[in-house]
Amino acid sequence: MTQDELKQEVARAAIAYVVDGEIIGVGTGSTANFFIDELALVKHRVKGAVASSEATAARLRAHGIAVFDLNDVDAIAVYVDGADEITPGGAMIKGGGAALTREKIVASVSGKFVCIADGSKLVETMGNFPLPVEVLPMARAAVARQLRALGGEPRLRLKAGSDEVFITDNGGQILDVGGLRITDPAGLEREIDQIVGVIAVGLFARRGADVCLLGTSEGVKTLTF
Ligand SMILES: O=C(CO)[C@H](O)[C@H](O)COP(=O)(O)O
């Protein structure tokens, strides 16, 4: 099976977690896009969705799914999103698609985080995938120095195929931090969160996944944490 077929399988499996009559939290990225397309097939069952990015909001609306502002929503039962890496303990690196801050906010008010990922995302120790850190543009160099002091190798994210700096939905910039071997995800998350100028770090350890639907050649495996 191709990686895209595995993503589609887990996206389809995640529909089992949709709660009737509720507002669903929806993540960002190619796997989340497959989920949105599956959600569209059962859209009559849900009240609508809270989106973790402008791209996700646009895709939901294109399918005729109502998009709610998080400020108008008290609680979200289920949040469905992909990951760049996930450990057997449910900690994740996210933000390859640059939506880490809004993803973290929506996940923080959600009762259950359902991670959907192809099997290549499961790792014993995170860090092969450069850790995204969203920063205020004026603090970029100062934050980068502190990330270097933690042993990381930050690189400013550019727009694909261009020399222009990538700007997030929030007006932030992203430092992709290579060279880390993340043996204490919650500790590193806390440490990076404390750096002044950081908007959010793409480590989801203190609020990790509750369930991971992992796409493998033997079918969808369900990991619960
Ligand atoms: O965190 C994310 C976006 O900010 C995505 O969930 C992550 O990058 C995985 O993406 P994909 O489903 O395309 O592999």
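Just so it is clear, the structure is predicted and the values come from calculations on it, not from any experiment.

(A) Broad picture of the sheet that holds strand β13 (residues 219–224). Read from one edge of the open sheet, 6 strands run β2-β1-β3-β6-β12-β13, paired in mixed fashion. Each edge of the open sheet is held by one strand with a lone partner, namely β2 (48–51) and β13. Recorded for the sheet is a direction-independent mean angle of 25° between the axes of neighbouring strands. As paired strands, strand β3 (residues 76–81) and strand β6 (residues 110–118) are joined by 5 bridges and run parallel to one another.

(B) Structural detail: the sheet that holds strand β9 (residues 173–178). Spatially, the 4 strands line up as an open sheet ordered β8-β9-β7-β10, and their pairing is antiparallel. With partners counted over all chains shown, the strands left at the sheet margins are β8 (153–156) and β10 (198–201), one partner each. The mean angle between the axes of side-by-side strands here comes to 30°, regardless of whether they run parallel or antiparallel. In the packing of helix α5 (residues 140–149) onto the sheet, contacts are made with β7 (131–135), β8, β9 and β10, and the angle to β9 comes to roughly 15°.

(C) Representation of the domain arrangement of the chain. Domain annotation of the chain identifies domain 1 (3–123 + 206–224) and domain 2 (131–202). When each unit is reduced to the centre of its C-alpha atoms, the spacing between domain 1 and domain 2 is 23 Å. Listed by partner, the interface residues are 14 residues for domain 1 and 14 residues for domain 2. No other element matches the 4 residues that helix α4 (residues 100–108) contributes to the side of domain 1 that touches domain 2. Taken together, the residues that form the side of domain 1 that touches domain 2 break down as 5 nonpolar, 4 polar and 5 charged.

(D) Representation of the pairing of β2 within the structure. As defined by bridge partners, strand β1 (residues 23–26) adjoins β2 across 4 bridges and the pair is classed as parallel. In the sheet register, G25 faces β2, and the bridge partner there is V50. For the crossover that starts at β1, traverses helix α2 (residues 30–41) and ends in the parallel β2, the hand is right-handed.

(E) Inspection of the environment of A117 at higher detail. Tracing the chain through its elements places A117 in strand β6. Of the residues examined, A117 has 25 C-beta atoms within 10 Å and is grouped as buried. Spatially, the C-alpha atom of A117 lies 29 Å from that of Q194, the residues being 77 residues apart in sequence.

(F) Spatial organisation of the confidence of the model for the chain. With 100% of its residues at a pLDDT of at least 70, the chain reaches an overall mean of 97. Predicted complex, confidence summary: ipTM 0.99, pTM 0.97.

(G) Broad picture of the UniProt feature "active site" (unreviewed entry) in the chain. In the numbering adopted here, UniProt assigns the feature "active site" (unreviewed entry) to E103. Structurally, the position occupied by E103 is in helix α4.

(H) Looking closely at the packing of helix α1 (residues 3–14) against α2. Contact pair α1 / α2: the axes reach a minimum separation of 8 Å and the direction vectors enclose 50°. With respect to each other, α1 and α2 are oriented oblique. By crossing handedness, the relation of α1 to α2 is classed as right-handed. Facing α1, whose interface residues are K7, Q8, V10, A11, R12 and A14, α2 presents S30, T31, F34, F35 and E38. Of the residues assigned to the contact of α1 with α2, the class counts are 5 nonpolar, 3 polar and 3 charged.

(I) Spatial organisation of α5. Listed as buried for α5 are V143, A144 and L147. All buried residues of α5 fall inside an arc of 105° around its axis, so they share one side. Exposed residues on α5 whose side chains face more than 90 degrees from its buried face are A141, R145 and A149. Turning to α5, the residues buried within the fold contact β7, β8, β9 and β10.

(J) The arrangement of the nonpolar core in detail. Ranked by internal contacts, the top residues of the largest apolar core, which has 64 residues, are F35, C115, I116 and V133. Sequence-distant contacts of C115, defined by excluding residues within four places in its chain, comprise D81, A83, I86, M92, A209, V211 and C212.

About the cut-offs
Residues numbered from 1 in each chain as written. Predicted model: local features only at pLDDT ≥ 70, side-chain atom pairs only at ≥ 80, totals over all residues. Pairing = 2+ DSSP bridges. Helix = DSSP H or I, 4+ residues; strand = E, 2+ residues; numbered from the N terminus. Axes fitted to C-alpha atoms, helices over the stretch in contact; angles between N-to-C directions. Contact = placed C-beta atoms within 7 Å. Domains from an automatic or database assignment. Nonpolar A, V, L, I, M, F, W, Y, C, P; charged D, E, K, R; others polar. Right-handed = clockwise from strand over helix to strand, strands pointing away. Buried ≥ 20, exposed ≤ 12 C-beta atoms within 10 Å, placed from the backbone. pLDDT = per-residue confidence, 0-100. UniProt positions renumbered as here; feature names shortened; annotations may be inferred. Parallel < 35°, antiparallel > 145°, perpendicular 65-115°, else oblique. Left-handed = near helix turned anticlockwise from the far one by under 90°. Arc of directions from axis to C-beta. Core = buried A, V, L, I, M, F, W, Y, C linked by C-beta atoms within 7 Å.

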